[in-house]
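Working through the structure, step by step
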Amino acid sequence: MNWRRLPIISQLRQSVGLQRGMLIVGLVLTGLFMVTATFAPILAPYGFSQLRDESGAFGTTQPPSAAHPFGTTVGGYDVLSRMIWGSQTALIVIVVAVAMSIFLGVLLGLISGYFGGWIDRILVVIADAIYAFPTLLLAIVMSIVISGGRSDLVGGVFAAAASITVVFIPQYFRVVRAEAARVRSEAFVEAARVIGTPTWRILLTHVLRNSTRTLPLILTLNAAEAILTLAGLGFIGFGIEPSSAAEWGYDLNRAVADVSSGVWWTAIFPGVAIVIVVLGLTLVGESLNDLADPRLRTRARLGGAGRRKPAEQTEALVVATTVAAEGNKQ
């Protein structure tokens, strides 16, 4: 297996200049988030709902110190620990929501694009109707229906993931539908039909493989939106119970009243965590989007080549000028 053809490695080798810088920064921030979420039980100095240790209670609204580098909240929780545990909650929601969205969106897109007809028209109308609902409003409704507005870790993750899934399905559906409608008329698909290949095998072997190339671009951008939706649910009080899991949006909600009292650390650190994660995922998504566009990729390569080899650029300019002069003489 050639490691240079792996998805991220190949994009890094293609990128130049600002594109490469954006992609590297995005990968570093996203990798830091994933490592923190994965090893949260090891990295967090305390539990997300822990209020005391062997030396006694933590105390409320304690400023940053050696024992609590990011201070404590008004409820007596360690801010650093809740930040680390909150990254794990966010990662779980992203994985569940994106996995459900991809599965349902790709399945419906394949069916709609390959078969067409009345099935295609009905699915397109439903997908368009879903866009009429704001993401956060739909998330609130789904959270209330599923968990009554507040829930434990499993119920809260499922409620947030389900609401995000409903919003993201039309995006995957539209992309896969358009690609499937294009691929179904290709010669290799027609040949598969002629030799009697079953429909399900054509869909999985030929159509699916050639219809999902752009999904990684949508996935990274949707992951950033999932973080914001989860934080919005927690901020307005429809998130996960604080005794069941740590969640950045809930911590920001509880920190609003602290800011006016001069307690800045309870709001700054959860807010910075949200910004860093969303920034990292967005940079990765935008960089992959630029690299997937041949016009932007070619422009960046030409610009980079011109900066590295001015002699070649000058030679090309001389050749172009000579050809133009000869054309004028004729």
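Residues numbered from 1 in each chain as written. Predicted model: local features only at pLDDT ≥ 70, side-chain atom pairs only at ≥ 80, totals over all residues. Heavy atoms only, no water.

Attention now goes to the overall build of the protein chain. A tally of helices and strands in the protein chain yields 14 helices and two strands. Buried residues in the protein chain amount to 42% of all 330 residues. Here the contacts in the protein chain between residues at least 6 apart in sequence split such that 73% fall between residues at least 24 apart. Only carbon and sulfur atoms are counted for the fraction: they give 67% of the accessible area of the protein chain, which is about 17500 Å². (Helix = DSSP H or I, 4+ residues; strand = E, 2+ residues; numbered from the N terminus. Buried < 20%, exposed > 50% of the residue type's maximum accessible area, 1.4 Å probe, protein only. Contact = heavy atoms within 4.5 Å. Areas by Shrake-Rupley, 256 points an atom, 1.4 Å probe, with all protein chains shown as cover.)

Once that is clear, we can look at the pattern of salt bridges. Opposite charge on two side chains allows them to pair when their charged atoms are near. Summed over all chains, the structure comprises four salt bridges. The partner of Arg82 in a salt bridge is Asp251, and the shortest N-O contact between them spans 2.9 Å. Here the residue Arg82 occupies a position in helix 4 (residues 79–115), and Asp251 occupies one in helix 11 (residues 248–259), the gap between them amounting to 169 residues. A residue is classified by how much of its surface remains accessible, and Arg82, at 2% relative accessible area, is buried. Here Asp251 falls in the buried class, since its relative accessible area comes to 10%. Asp128 is the partner of Arg174 in a salt bridge, and the nearest nitrogen-oxygen pair spans 2.0 Å. Taken together, the residues Arg174 in helix 7 (residues 153–183) and Asp128 in helix 5 (residues 117–130) connect sequence positions 46 residues apart. (Salt bridge = Lys/Arg side-chain N within 4 Å of Asp/Glu carboxyl O.)

Time to look at empty space enclosed by the protein. Enumeration according to the criterion identifies two cavities of 30 Å³ or more in this entry. Along the walls of the largest cavity sit Gly86, Thr89, Ala90, Ile227, Leu230, Ala231, Ala246, Glu247, Trp248 and Gly249, which together make up its complete lining. Going through the elements one at a time, helix 4, helix 10 (215–235) and helix 11 are the ones with two or more residues in the lining of the largest cavity. (1 Å grid on protein atoms, 1.4 Å probe; cavity = no way out; pocket = protein on both sides within 12 Å on 5 of 7 lines; lining within 4 Å. Points joined across faces, edges and corners; volume = space filled by probe spheres on them.)

Bringing the environment of Pro63 into the picture now. For Pro63, the location among the structural elements is in the loop between strand 2 (56–57) and helix 4. Its relative accessible area of 42% is what places Pro63 among the partly exposed residues. In this structure, the C-alpha to C-alpha distance between Pro63 and Thr266, residues 203 residues apart in sequence, is 9.2 Å.

Phe33, Ile94, Val207, Ile227, Trp248 and Leu281 are the most contacted members of the largest nonpolar core, which has 51 residues in total. Of the residues forming this core, the biggest block, 11 residues, is contributed by helix 4. Leave out the neighbours within four places in its chain, and Ile227 touches Phe33, Ala90, Ile94, Ile274, Val277, Val278 and Leu281. (Core = buried A, V, L, I, M, F, W, Y, C linked by side-chain atoms within 4.5 Å.)

Think of a ball as big as a water molecule: rolled over the atoms, this probe shows where empty space is left. Taken as a whole, the second largest pocket spans an internal volume of roughly 240 Å³. If you trace the second largest pocket, you find 13 residues lining it, with Leu32, Thr36, Met83, Trp248 and Ala273 closest to the centre. Looking at the lining of the second largest pocket, the elements with two or more residues in it are helix 2 (17–38), helix 4 and helix 12 (265–292). Partitioning the lining of the second largest pocket into residue classes produces 11 nonpolar, two polar and no charged. (Nonpolar A, V, L, I, M, F, W, Y, C, P; charged D, E, K, R; others polar.)

Further remarks concern the side chain of Thr36. Following the sequence through the fold, Thr36 ends up in helix 2. A polar atom in the side chain of Thr36 sits 2.7 Å from the backbone oxygen of Leu32. (Polar contact = N/O pair within 3.5 Å; in protein donor to acceptor, adjacent residues only side chain to side chain.)

Let's shift gears to helix 11. Counted at 1.5 Å a residue, the expected span for helix 11 with its 12 residues is 16 Å, and the 16 Å between its end C-alpha atoms agrees. Of the residues making up helix 11, those classed as buried are Trp248, Gly249, Tyr250, Asp251, Ala255 and Asp258. (Expected span 1.5 Å × (residues − 1).)

Time to look at the packing of helix 4 against helix 11. Put simply, helix 4 and helix 11 touch, their axes get as near as 9 Å, and they point 135° apart. As the angle between them shows, helix 4 and helix 11 are arranged oblique. Where helix 4 abuts helix 11, its residues Arg82, Met83, Gly86, Ser87 and Ala90 lie against Trp248, Tyr250 and Asp251. For the contact of helix 4 with helix 11, the residue count by class is four nonpolar, two polar and two charged. (Axes fitted to C-alpha atoms, helices over the stretch in contact; angles between N-to-C directions. Parallel < 35°, antiparallel > 145°, perpendicular 65-115°, else oblique.)

There is a patch of nonpolar side chains on the surface, built from Leu137, Val141, Val145, Ile146 and Phe158 and spanning about 440 Å² of accessible area. Of all the elements, helix 6 (residues 135–147) adds the most residues to the nonpolar patch, at four residues. As for its placement among the helices and strands, Ile146 is situated in helix 6. (Patch = residues over 30% accessible without salt bridge, like charges linked within 9 Å, V, L, I, M, F, W, Y side chains within 5 Å.)

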